[in-house]
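Examining the three-dimensional arrangement
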Amino acid sequence: MARPKQFDPELALDAAVALFREHGYAGTSAEMLTTAMGIGKQSLYNTYGGKWPLYCAALRRYADDETGEHLRELKAGKTGLDGLERMLKRVAATAHRPCLGVSSVQEFGTDSEGSAELIEIRAPAGQALQAALLERVRAAQADGELSAALDPRQAVSFLFAQIAALRLAARGGAGEAELRALARLALRALK
């Protein structure tokens, strides 16, 4: 008869997310994972299937959670521009914490082994965020808050790039005031 798990798999997954955010896939060892997660090596394999499936589960969790936070801020704005501003302020305020989404792209790209699986994991979150950003950009244009000459899809691509840039700038040592200024500058570029 199998013994019941002596740990909470969801809390352990949260610990894995934190490690992968900080160290990436290659920089995170199985020993680091088992220590942070409070589990044995056999539990790592029995519960998650190994390091790679755990990384994929961590990326899925992170993408769902982070996208949910972006969507909450976008929808909380009274106007399209207000929603965009709220989201970028949140990114600037939390940019000091490494982004697992950005690091997975940086570490694996689009043509390395495993990259197709990671793209498939990131795609639903990216599509949901893209749709919400597009709606907010179009609303801001309709209200005269953003230039009507702006291509909404290019604006969304620009905003995706700015999110990554803010996080990389923070990782490179940019302070909170500089990150807030960069977020404001990104919005100003759309006007």
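Below: a short report on this structure. Here the structure is a predicted model, which means the values were calculated and not measured.

Here we look at the overall build of the protein chain
A count of helices and strands for the protein chain gives nine helices and zero strands. Helices and strands in the protein chain line up, N terminus first, as α-α-α-α-α-α-α-α-α. Along the longest, intermediate and shortest principal axes, the C-alpha atoms of the protein chain span 65 × 35 × 35 Å. When each of the 191 residues of the protein chain is scored for burial, the buried share is 43%. The contacts in the protein chain between residues at least 6 apart in sequence include a share of 67% that link residues at least 24 apart. Accessible surface computed for the protein chain: about 10200 Å², of which carbon and sulfur atoms make up 52%. Distance between charge centres in the protein chain, computed from 24 positive and 23 negative side chains, equals 3 Å.

Digging into the nonpolar core
Of all hydrophobic cores here, the largest spans 28 residues; its most connected members are Leu74, Leu84, Leu88 and Leu133. Ignoring any residue separated from it by four or fewer positions in sequence, one finds Leu133 in contact with Leu74, Leu84, Met87, Val156, Leu159 and Phe160. Ala12, Ala16, Met37 and Ala58 belong to the second-largest nonpolar core, a separate cluster that totals 25 residues.

With respect to the packing of helix 1 (residues 9–23) against helix 2 (residues 30–37)
At a minimum axis distance of 8 Å, the contact between helix 1 and helix 2 shows a crossing angle of 135°. Our classification of the angle between helix 1 and helix 2 gives oblique. Between helix 1 and helix 2 the crossing geometry is right-handed. Contacts from Ala12, Leu13, Ala15, Ala16, Leu19, Phe20 and His23 of helix 1 reach helix 2 at Met32, Leu33, Ala36 and Met37. Among the residues forming the contact of helix 1 with helix 2, the class breakdown is ten nonpolar, one polar and no charged.

Reading the values: the criteria
- Residues numbered from 1 in each chain as written.
- Predicted model: local features only at pLDDT ≥ 70, side-chain atom pairs only at ≥ 80, totals over all residues.
- Heavy atoms only, no water.
- Helix = DSSP H or I, 4+ residues; strand = E, 2+ residues; numbered from the N terminus.
- Buried < 20%, exposed > 50% of the residue type's maximum accessible area, 1.4 Å probe, protein only.
- Contact = heavy atoms within 4.5 Å.
- Areas by Shrake-Rupley, 256 points an atom, 1.4 Å probe, with all protein chains shown as cover.
- Lys, Arg positive; Asp, Glu negative; His and termini not counted.
- Charge placed at Lys NZ, Arg CZ, Asp CG, Glu CD.
- Core = buried A, V, L, I, M, F, W, Y, C linked by side-chain atoms within 4.5 Å.
- Axes fitted to C-alpha atoms, helices over the stretch in contact; angles between N-to-C directions.
- Parallel < 35°, antiparallel > 145°, perpendicular 65-115°, else oblique.
- Left-handed = near helix turned anticlockwise from the far one by under 90°.
- Nonpolar A, V, L, I, M, F, W, Y, C, P; charged D, E, K, R; others polar.

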